[in-house]
Amino acid sequence: MSDGAPLSLKRDGALLLPAAAVLAGLFIGPMLYFLVVSFFKVSLFKIVPGFDLGNYAKVVGSYGPPILFTMGIGFLIASVTTVLAFIVAHLIWTRGRRFSGILLAATLLTLFGGYLVKIYAWRTLLGRDGIVNNTLVGLGIVREPIEALLYSPVAVVLVLVSYLLPFAILPLYGALRSIEEKTIEAARDLGASPWAAVRDAVLPRCVPALVTAFALCFLVTAGDYVTPRMVGGTRTMMMGNFIESQFGLRMNVPLGAAMTYLTITASIAVIAFVWLALKTVLRPK
Amino acid sequence: MNAEPLVRLQGLAKSYGIYRAVHPLDLDFHEGDFLAILGPSGCGKTTLLKMLGGFVEPSEGAILIGGRDVTRLPPEKRPTNMVFQGYGLFPHMTIRQNVGYGLRIAGTPRAEVDARVRDMLALVQMEAFADKLPPQLSGGQQQRIALARALIMRPKVLLLDEPFAALDLKLRQAMQEELRRLHAEIGGTFVFVTHDQAEAMLLATKVVVMSRGKVEQVGTPEEIYLRPKTHFVSTFVGEANFLKACRRLARVSIEGAFAFDDAGPDGDVLVGVRPEKVRLGAAAARCDHRFSGTVTQRIFLGAQVQYTVRLQNGETFIACLQEGDLLPGDSIDVGWMSADQWVVTP
Ligand SMILES: Nc1ncnc2c1ncn2[C@@H]1O[C@H](COP(=O)(O)OP(=O)(O)OP(=O)(O)O)[C@@H](O)[C@H]1O
Ligand SMILES: [Mg+2]
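Residues numbered from 1 in each chain as written. Chains lettered and ligands numbered in written order. Predicted model: local features only at pLDDT ≥ 70, side-chain atom pairs only at ≥ 80, totals over all residues. Heavy atoms only, no water.

(A) Fine view of the pattern of salt bridges. Residue and element names in this part refer to chain B. Overall, the coordinates contain 17 salt bridges over all chains when judged by the stated rule. Among the salt bridges present, the one from R251 reaches D261, with a minimum N-O distance of 2.7 Å. Of this pair, R251 sits in strand β12 (residues 251–253) while D261 is found in strand β13 (residues 259–261), placing the two residues 10 residues apart along the sequence. Taking relative accessible area as the criterion, D261 reaches 58% and is therefore assigned exposed. (Salt bridge = Lys/Arg side-chain N within 4 Å of Asp/Glu carboxyl O. Helix = DSSP H or I, 4+ residues; strand = E, 2+ residues; numbered from the N terminus. Buried < 20%, exposed > 50% of the residue type's maximum accessible area, 1.4 Å probe, protein only.)

Right, dumping it as structure tokens:
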């Protein structure tokens, strides 16, 4: 840049090349590869190229319930997490005062524990001899430890909500920070109750962040196969588990790829639905 | 005025911890008043206004509006509306939605909301912008919308926090004129905060001068300017010349010069005179009080000429005259009328 002007992505598109190359090589390339593979066939453990919709027919025919279950539990987990995250972020923003930085750091600190540590922590809490069961039995509320605490969809929800919460708080807190306090005061001044002020002056401006938080939680859940296996019990099978087994044990990559693409498509549909719903509900009248 | 005041503040005060942002103050104002709260930065103007609007809870005292105690009411339950410093428009709502927001919250029928929004936008001359978003508007246009959004609620008291501070001079003058027009047109009681004494003088029917959380003086612009009660007010609302004097037994005297009657406690005082009330030369001959002096400086200010004169007793006086051909070094008589002077404690 001989003219000394600052670098600008708009003016000099070539600056985007490194990032684009990384994205293409590590993300778009493999995705396209699996999209193509999803139309291949497998015979005698060998992949046979071709154009065949059989894999998709098979997924729709045999894996409808697990896809629906995955979408359902993903929707539940993402909704609960996003709502909780909004409440936490809002509390930090409005009540945190000079401690808001510390509070935010504290929520992020939980991420250092890592994913598996959290799962094991919940197992100790919820297990047959876990703290919850011991307390319940000790207090005489139940006679026998409740097996269903662990190894059930409930445990999957608990683990993933607690794991995802900090990720959802971040974008929401960022969105809240950009809202001027006086717009809320203005809403109150014009007659809005505290709740109406949040609904009219705060939430509509958080729609992108709400969708981001929801999508993040939803996609992590929809693609997860570790949590269901560790705390979900044998009957909680999510699409991640089926996909993993097609890529692994069953060595049917084309079927696995088709499952992946249908799961992705369904996920996009759910997220798009949530986005539209939020936009419609929060649209100023 | 003997009518029942619309707003009555009784011992109203605000402390943040041990810091007193607003000292206990009593203040009444009436229906139709255009009140300016004037004071330097950090003197507690915004705090006072926010207590009126319900955004800051008073530490002491009470606020009565129309005879009703509103001290503990939240903003949405008060008959006040506020134009915020920096406007506080809802950036995701169109201008129409911004202006109609308060009426919609109140459950006003759609047709009435639409009609009143249209009238209000016409009043502030912003009809053409109804479907734009606030960030697409200029500062002055946003200012009008903030005004319209508050006025549409027909508040008993309209509160404005430094409404024109962010505007450049020309626009500020235009908006001041517009606010004056609105007050004349629709009536109502306006309270505005400013640190600009010229703006306060221009707009207000009643000025409250504050300094360090205390009310220094309340009065009409004329009273504030011509009869300031404290040294702070004397200098904050305009230029002032001061002469050291002494009061004993209700008689103020300047050594070797003159004396006059003025009730008040004994002690050192200052006699103040505005520069434009000072007469020089022949004009001084007819004045109640006279000194002789020497011109030390002449500054041409366009509409006026400003002279600095050293008096015989060594003090310095500033005089602003319409014209004059005096030069530095000239000996000259300096005088002013009794009616143009005031006395404050240093
Ligand atoms: N929330 C708060 N906590 C602590 N001190 C505060 C708070 N709000 C205001 N103050 C203090 O109270 C004093 C008065 O503040 P205020 O905002 O009323 O001043 P102001 O007269 O409006 O000044 P400006 O012209 O700069 O807006 C200031 O010294 C300020 O630091
Ligand atoms: Mg202020």
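(B) Molecular detail of the sheet that holds strand β5 (residues 68–69) of chain B. Residue and element names in this part refer to chain B. Sheet architecture is open: four strands sit in the order β2-β1-β4-β5, paired in antiparallel fashion. Each end of this open sheet is capped by a strand with a single partner; those strands are β2 (19–29) and β5. Relative to strand β4 (residues 60–65), strand β1 (residues 7–16) runs antiparallel, the two sharing five bridges. Across the sheet, residue R8 finds its bridge partner in β4, namely L64. Of the strands in this sheet, β1, β2 and β4 touch helix α1 (residues 45–53), which is tilted by about 120° from β1. (Pairing = 2+ DSSP bridges. Contact = heavy atoms within 4.5 Å. Axes fitted to C-alpha atoms, helices over the stretch in contact; angles between N-to-C directions.)

(C) Here's a closer look at the domain arrangement of chain B. All names here are of chain B. Here the domain parsing of chain B yields domain 1 (7–227) and domain 2 (239–344). Here the C-alpha centre of domain 2 lies 40 Å away from the C-alpha centre of domain 1. Between domain 1 and domain 2, the residue contacts involve four residues of the former and six residues of the latter. Here domain 1 meets domain 2 over a buried area of about 420 Å², counting both sides, of which 39% is carbon and sulfur. Taken as a group, Y225, L226 and R227 account for 97% of the area that domain 1 buries against domain 2, more than any other trio of residues on that side. At the boundary of domain 1 and domain 2, one finds zero salt bridges. For the pair domain 1 and domain 2, the number of links is four residue pairs in polar contact (both at pLDDT 80 or more). Residues of the side of domain 1 that touches domain 2, tallied by class, amount to three nonpolar, no polar and one charged. (Domains from an automatic or database assignment. Buried area = accessible area lost by both parts, 1.4 Å probe. Polar contact = N/O pair within 3.5 Å; in protein donor to acceptor, adjacent residues only side chain to side chain. Nonpolar A, V, L, I, M, F, W, Y, C, P; charged D, E, K, R; others polar.)

(D) Fine view of the packing of aromatic side chains. Residues and elements named next belong to chain A. Within the structure shown, the criterion is met by 16 aromatic pairs over all chains. Geometrically, the ring pair formed by F34 and F247 is edge-to-face, given 5.4 Å between the ring centres and 85° between the ring planes. Remark: F247 occurs in helix α12 (residues 239–247) and F34 occurs in helix α1 (residues 17–37); sequence separation between them is 213 residues. Assessed through its relative accessible area of 27%, F34 is described here as partly exposed. By relative accessible area, which is 33% here, F247 ends up partly exposed. (Phe/Tyr/Trp six-rings, centres within 6.5 Å; stacked < 30°, edge-to-face > 60°.)

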